[in-house]
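Descriptive analysis of the structure
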Amino acid sequence: MTDARRAELAENLTEVRERIGRACVAAGRDPGSVSLVAITKTYPAGDVDLLASLGVTDVGENKDQEAAAKAAAVTASLRWHFVGQLQRNKAKSVVTYADVVESVDSLRLATALESAAGRLRERPLDVLIQVSIDGDPARGGAVATDIPALASYVAAAGHLRLGGVMAVAPQGWEPERAFDALAGMASRLRADHPDATVVSAGMSNDLEAAVAHGATHVRIGTSLLGMRNTLR
Ligand SMILES: *Cc1c(COP(=O)(O)O)cnc(C)c1O
């Protein structure tokens, strides 16, 4: 069973790496300039260990309870990304296992993470600002006008490190248009914070468009691990 699953994951991983490579070539980019974050939500710790044994270095989760348990069960050493909506009261849990929180979209959350990281971590926590591409804050993400103040807070915080931006293409938007808009937001952030170079964008269905528009990290779940059970 593990052997069959390992073979399946290996095949999917090869395919995803080839897609990233082809997208880089098409965009005239170095294939080494795009990092893969395997989104392992709903899949067991055993799958995470298998992915690690196949060379995956970064994994992402979107629910604290599930992520905390999985991070504790996984034996491989990995970089854990938190990519989901995060309640402030979960900050003190997340900072104990996450290396990167990609979904920081409010000053209130950033403040909670700064305080928790100061108490519970030895090293600073990497933070990405999740931005709302369509300006609708209802689905998460900071709107353009709120980004400068949030970025300044994170950049000045002693226990956080500003890495860049993260976004999900809005429903109903052409990925090309969405990631083009994101590239503009990322570039405005870099004007004030030159080290904030990360652009986390692109999922199983739209990674090519994200790479074409400058994504440095793609977050891939379904294409690597299979369809998630939506009844869960
Ligand atoms: C689930 C998830 C992904 C991965 O989506 P797939 O379509 O399964 O590749 C990426 N980013 C976030 C924020 C997610 O919640």
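For every chain, the first residue of the written sequence is number 1, and numbering continues from 1 onward in sequence order. The predicted nature of this model means local features are confined to residues of pLDDT at least 70 and side-chain atom pairs, given and counted, to a pLDDT of 80 or more, with totals for whole chains, interfaces and linings taken over all residues. Processing note: side-chain calculations cover all non-hydrogen atoms of the structure and skip hydrogens and water entirely.

Quick notes on the pattern of salt bridges
If charged atoms from side chains of opposite charge come close, those side chains can pair. Short version of the rule: Every case where a carboxyl oxygen of Asp or Glu lies within 4 Å of a side-chain nitrogen of Lys or Arg is listed as a salt bridge. Burial status follows relative accessibility: with a 1.4 Å probe on protein chains alone, a residue under 20% of its type maximum counts as buried, one over 50% as exposed, and anything between as partly exposed. In DSSP terms, a helix is any run of H or I states spanning at least four residues, a strand is any run of E spanning at least two, and both are numbered starting from the N terminus.
Across all of its chains, the model carries eight salt bridges by this definition. For the salt bridge of E61 with K70, the shortest nitrogen-to-oxygen distance reads 2.8 Å. The two residues E61 and K70 agree in class, both being buried. Here K70 and E66 are joined by a salt bridge, their closest N and O atoms 2.8 Å apart. Here K70 and its partner E66 are both found in helix α3 (residues 64-73), four residues apart, which amounts to about one turn of the helix. For K70, a relative accessible area of 6% translates into the label buried.

A word on the environment of Y153
Heads up, the rule is: The contact rule is simple, with two residues in contact once any of their heavy atoms fall within 4.5 Å.
Structurally, Y153 can be placed in helix α6 (residues 147-156). Each C-alpha atom of the pair Y153 and A110 lies 7.9 Å from the other, and the pair is 43 residues apart in sequence. For Y153, the contacting residues outside a window of four places in its chain are L107, A110, T111, E114 and L160.

Observations regarding the layout of surface pockets
As a reminder, the rule being used: Any residue with an atom within 4 Å of a point lines the site, the site being either a cavity, points on a 1 Å grid over the protein atoms alone where a 1.4 Å probe fits but cannot get out, or a pocket, an open set with protein on both sides within 12 Å along at least 5 of 7 lines. Grid points are joined across faces, edges and corners, and a volume is the space filled by probe spheres set on the points. Only Asp, Glu, Lys and Arg are considered charged in this grouping, and only Ala, Val, Leu, Ile, Met, Phe, Trp, Tyr, Cys and Pro are considered nonpolar; every other residue, Gly among them, is considered polar.
In this structure, the largest pocket spans a volume of roughly 1,000 Å³. As for the largest pocket, its lining consists of 37 residues, of which K41, V168, M203, R219 and R228 are closest to the centre. Looking at the lining of the largest pocket residue by residue, the classes come out as 12 nonpolar, 15 polar and 10 charged.

A short note on the site of the ligand
To keep it simple, the criterion reads: Here a residue counts as near a molecule or strand whenever at least one of its heavy atoms sits within 4 Å of it. Within 3.5 Å is the distance limit for a polar contact, defined as a pair of N or O atoms, with the added protein rule that one can donate a hydrogen and the other accept it, and that residues adjacent in sequence qualify only through two side-chain atoms. The Shrake-Rupley method, run with a 1.4 Å probe, gives the accessible areas here. Residue values count only the displayed protein chains as cover. In this description, a molecule resides in a pocket or cavity if more than half of its atoms sit within 2 Å of the grid points defining it.
Every residue lining the ligand is accounted for by I39, K41, V83, M203, S204, R219, I220, G221, T222 and R228. A distance of 2.9 Å is found between a nitrogen atom of the ligand and a side-chain nitrogen or oxygen belonging to R219. Here an oxygen atom of the ligand sits 2.8 Å away from a polar atom, N or O, in the side chain of R228. Within the complex, 89% of the 390 Å² of free accessible area of the ligand lies under protein. One can see that the ligand is located within the largest pocket. By residue class, the composition of the shell around the ligand is four nonpolar, three polar and three charged.

Some thoughts on helix α1 (residues 2-27)
Formally: Any helix carries an expected span of 1.5 Å times its number of residues minus one.
Taking 1.5 Å per residue, 26 residues should reach 38 Å; α1 reaches 37 Å between its end C-alpha atoms and fits that length. Residues of α1 that are buried sit in contact with β1 (35-39), α2 (45-53), α8 (207-212), β8 (217-220) and α9 (222-225). With its phi angle positive at about 70°, G28 sits one or two positions after the end of α1.

Topic: the nonpolar core
We count it as follows: As used here, the term nonpolar core means buried Ala, Val, Leu, Ile, Met, Phe, Trp, Tyr and Cys residues forming a set that is joined through side-chain atoms within 4.5 Å.
Of all hydrophobic cores here, the largest spans 71 residues; its most connected members are V101, L113, L182 and V218. Apart from residues lying up to four places away in sequence, V218 is in contact with I20, V34, S35, L36, V37, A201, G202, L207 and V211. By size, the runner-up hydrophobic cluster in this structure holds seven residues, among which are V37, L128, M166 and V198.

Describing the packing of helix α5 (residues 107-120) against α6
As a reminder, the rule being used: Geometry is summarised by axes, namely lines fitted to C-alpha atoms with helices restricted to the contacting stretch, and by angles between N-to-C directions that run from 0 to 180 degrees. Throughout, the term roughly parallel applies to angles under 35 degrees, roughly antiparallel to angles over 145, roughly perpendicular to angles from 65 to 115, and oblique to all others.
Viewed as axis vectors pointing N to C, α5 and α6 meet at an angle of 5°, and their least axial separation amounts to 10 Å. Taken as axis vectors, α5 and α6 run roughly parallel relative to one another. Across from L107, A110, T111 and E114 in α5, the residues of α6 making contact are A149, L150, Y153 and V154. In the contact of α5 with α6, the residues fall into six nonpolar, one polar and one charged.

Brief notes about the pairing of strand β5 (residues 125-130)
Put simply, the test is: At least two bridges found by DSSP between two strands is the condition for calling them paired. Seen with the strands pointing away from the viewer, any crossover whose path from the first strand over the helix to the second strand runs clockwise is right-handed.
Taken across its six residues, β5 has six buried, putting it largely inside the fold. Judged by which residues are buried, β5 turns out to be covered on both faces: L125, V127 and I129 on one side and D126, L128 and Q130 on the other are all buried. Pairing of strand β4 (residues 100-104) with β5 involves three bridges; the strand directions are parallel. Its bridge partner lying in β5, V104 is registered against I129. Note that β5 and strand β6 (residues 160-166) share six bridges and pair parallel. Following the sheet pairing, Q130 is matched in β6 by M166. Regarding the hand of the β-α-β motif, the stretch spanning β5, α6 and β6 is right-handed.

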